[in-house]
Every structure is written in structure tokens, then in C-alpha cells.
Amino acid sequence: MSLNQGDLLRDRYRIIEVMGHGGMGSIFRAVDEHLGVEVAVKENLFTIDDYARQFRREATILANLRHPNLPRVSDHFSIEDQGQYLIMDYIEGEDLQERLERLGPFEEEEVVFIGASICDALAYMHSREPVVLHRDIKPANVRITPRGEVYLVDFGLAKVMHHGDQTTTTGARAMTMGFSPPEQYGAARTDARTDIYSLGATLYTALTGYTPEDSLAQTMDQEELTPVRERNPKVSKRVSDSVEKALQVHPNNRFQLAAEFKNELLKAQSGRFSINFNFDQTGQPQSKKSDHEKKSKDDK
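Residues numbered from 1 in each chain as written. Predicted model: local features only at pLDDT ≥ 70, side-chain atom pairs only at ≥ 80, totals over all residues. Heavy atoms only, no water.

> Can you explain the overall build of the protein chain? Please cite residues and give values.
Check the secondary structure of the protein chain and you find nine helices and 14 strands. Going through the 300 residues of the protein chain one by one, you find that 48% of them count as buried. Here the analysis covers contacts within the protein chain between residues at least 6 apart in sequence; of these, 56% occur between residues at least 24 apart. As displayed, the protein chain offers around 14800 Å² of accessible surface, 47% of which is attributable to carbon and sulfur atoms. (Helix = DSSP H or I, 4+ residues; strand = E, 2+ residues; numbered from the N terminus. Buried < 20%, exposed > 50% of the residue type's maximum accessible area, 1.4 Å probe, protein only. Contact = heavy atoms within 4.5 Å. Areas by Shrake-Rupley, 256 points an atom, 1.4 Å probe, with all protein chains shown as cover.)

> So what's going on with the packing of helix α7 (residues 237-246) against helix α8 (residues 258-269)? Which residues, and what values?
For any two helices packed against each other, the geometry comes down to the angle between their axes and how far apart the axes lie. In contact at an axis separation of 8 Å, α7 and α8 are set at 165° when each is read in the N-to-C sense. Classified by the angle between their axes, α7 and α8 sit roughly antiparallel to one another. Once α7 is placed against α8, the crossing between them reads as left-handed. Contacts between α7 and α8 involve R238, V239, S242, V243 and A246 on the former and, on the latter, F261, E264, L265, K267, A268 and Q269. (Axes fitted to C-alpha atoms, helices over the stretch in contact; angles between N-to-C directions. Parallel < 35°, antiparallel > 145°, perpendicular 65-115°, else oblique. Left-handed = near helix turned anticlockwise from the far one by under 90°.)

> Requested: an account of the pairing of strand β4 (residues 37-44), with residues and values cited.
Every other side chain in a regular strand lies on the same face of the sheet, so the side chains alternate between the two faces. Burial runs high along β4: six of the eight residues are buried. As paired strands, strand β3 (residues 26-32) and β4 are joined by six bridges and run antiparallel to one another. In the sheet register, F28 faces β4, and the bridge partner there is V41. The turn linking β3 back onto β4 is made up of four residues, and G36 within it adopts a positive phi angle of 70°. As defined by bridge partners, β4 adjoins strand β6 (residues 83-89) across six bridges and the pair is classed as antiparallel. Within β6, the position partnered with K42 by the bridge is L86. (Pairing = 2+ DSSP bridges.)

> Describe the environment of L203, and please don't skip the residues or the numbers.
Within the fold, L203 resides in helix α4 (residues 192-208). In this structure L203 comes out as buried when scored by relative accessible area, which is 1%. Residues L203 and E108, 95 residues apart in the sequence, show an inter-C-alpha distance of 9.5 Å. When neighbours within four sequence positions are excluded, L203 is seen to be in contact with V111, G115, V243, F261 and L265.

> Requested: an account of the packing of aromatic side chains, with residues and values cited.
Taken as a whole and judged by the stated rule, the model has four aromatic pairs. With a centroid separation of 6.3 Å and 10° between ring planes, the pair formed by Y13 and F77 is classed as stacked. Here Y13, found in strand β2 (residues 13-21), pairs with F77, found in strand β5 (residues 73-79); they are 64 residues apart in sequence, far enough to count as distant. Note on accessibility: Y13 and F77 belong to one class, buried. With a centroid separation of 4.9 Å and an interplanar angle of 15°, the aromatic rings of F255 and F261 are classed as stacked. We note that F255, like F261, is buried. Members of the aromatic cluster, joined through ring pairs, are Y13, F77 and Y85. If you follow R231 out to its NZ or CZ, it ends over the ring of Y210, 4.5 Å from the centre. (Phe/Tyr/Trp six-rings, centres within 6.5 Å; stacked < 30°, edge-to-face > 60°. Lys NZ or Arg CZ within 6 Å of the ring centre and 35° of its normal.)

> Which residues make up the sheet that holds β5, and what are the values?
Strands in a sheet are paired, the pairing made by backbone hydrogen bonds, and the direction either parallel or antiparallel. Spatial ordering of the open sheet is given by β1-β2-β3-β4-β6-β5, a layout of six strands whose pairing is antiparallel. Looking at strand neighbours, the two that pair on one side only are β1 (8-9) and β5, the edges of this open sheet. Helix α1 (residues 49-63) rests against β4, β5 and β6 of the sheet, and its axis sits at about 20° to β6.

> Give a description of helix α2 (residues 96-103) that names residues and reports values.
Taken together, the buried positions of α2 are occupied by L96, R99 and L100. The arc that holds the buried residues of α2, viewed along the axis, is 100°, so those residues lie on one side. One side-chain oxygen at the N-terminal end of α2 lies 3.0 Å from the backbone nitrogen of Q97; it belongs to D95. At the exit of α2 stands G104, carrying a positive phi of roughly 85°. (Arc of directions from axis to C-beta. Polar contact = N/O pair within 3.5 Å; in protein donor to acceptor, adjacent residues only side chain to side chain.)

Here it is as C-alpha cells:
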């Protein structure tokens, strides 16, 4: 049975509201009454072996990650005849999908800032021992807080890879059309370049408002990727080239490291301006350009 507003979970976590529903459970905003802080509670009501094992894997992966662009796990437990629960940081704000639906495509500088932040998280994850792959990067899994902090969330499809041998702990298999590269459909082993593709697809969507053509259809010559600038001519060639390189269907043709992707994105914006996200009185995020950009415009 799923939780409801006002419920007290494990005599500690008071449910405030439902943040989202999924096929296996829901995510809730709650208050940790022991510490007086808000947390997110993720539940899994399908406790048969495969689902339970994947949920434990997500908890274990997140509990061992410490990065400013990733949520932290503080608790994980099961309640007999009810479900499994994951307690983690509550990330206020909205995800990219919500923002796109409400306000349309992002400005280029916003996308560069978001992309660089997620690249930092990926570089950290991909350098871990064992390596952590997210495998489900898409607009709904990137959140921006009112203070402009960017978080990569939802590790339900994550996988870990051990250096030096072929041992792999495989997560759940699932694809999202437009955001998953061909190898995720089973064509080859997934690796760090899988996440780079999905981030490229996420940035493409943020820039244009369109989901890129499905990767598997591209490999079968049924579709071709529509260039970024064809859908949004305002995007600079350097940023569009970077995003399109990340979206190459063959892994060897993509950026091989998240740091490389970040560097190319930042080169396009070098010396121009930085972005801070703020929310207006209606709760809508507004980008605030730096004094450096304002001065540059005044000088023109």
C-alpha cells in the first residue's frame, strides 16, 4: 500500500506530498522529524527478487557517491508486507522537462551551464572504482534548484563496472527513445560513452524543444539526426557541433570522456558570461546574466 500525505514512515519521516508516480511506486517530499530537514522518499512496492535487487543496487550506488551535482542517500530500509524505501536529499526546483513544457527551449548559455555541471558529475562517476554508469539521462532526470544548482537524479537504471576485469553489475534494462544510444538496445556493451550520448540528447532537447531522432532508427538508415541549428538557428555553431558529436551513433565517434565534452561546451561560452538561476514571484526560474555580460552589451 502506497504512502499518503500525513503518514509517518518508520516513526521518523512525515509525508508532505507526492512528487511523482512511477510503475513500481512513488517519490514523496517528507520531513525527517528527527533532524528537522526535508528529504525525498522513494518507494518500491514491487518487492519480488529482481525489483528488490535493483532497488537495493540504486541505494548502494548512491550511498557511495559524494558530489555536489548528485543527491545523497541517508537511509534505506524495507517494511515487511509493504515495500522498500530510499531516503535521499530533497532537491527543490523543477526538472528540465517541466521547464521545457512551461517555457520552451533554454537559452544557449543556460544549456552550456547545465551541460558542464552534468559533465562534472559524470566525470566523477566514470572515474570511480567501480565505474558508475547512469544510463537514464534525460530532461526529467536533471533538476535545477532556485539557487541555480544542477542535479542528476534517478539512478534506477544505473550499472557499475569494475576496472581490470570483465565483472559487471548490471542494472535494469530499459530504453528511452531519442535519449538511449544504439548499444543500450543490446547492440553492444554500455560504457561511459553511453551517458555522453544521453547527455547530448538532453542538451539537444533543451536547445531545440525537440527530442532527437531515435538512435536505433538512425543506425538502420530509417532516420537522420536533424541538425541543432536547423531547429534553433540562434545556437552557435560550436555548441551545436559539440552536441551533435555527443550524439554520434557509433561510440568511437563521440567524446570519449565527459571532461572532453565539458571543455568543448565551455570553449563556446569562454569569456562571455555566467548564468545564475533565480525564481520570480510566480515561482518561474529566470536566468540572471552576470555584470560582465551587461557591461559588454552596454559597450556595443
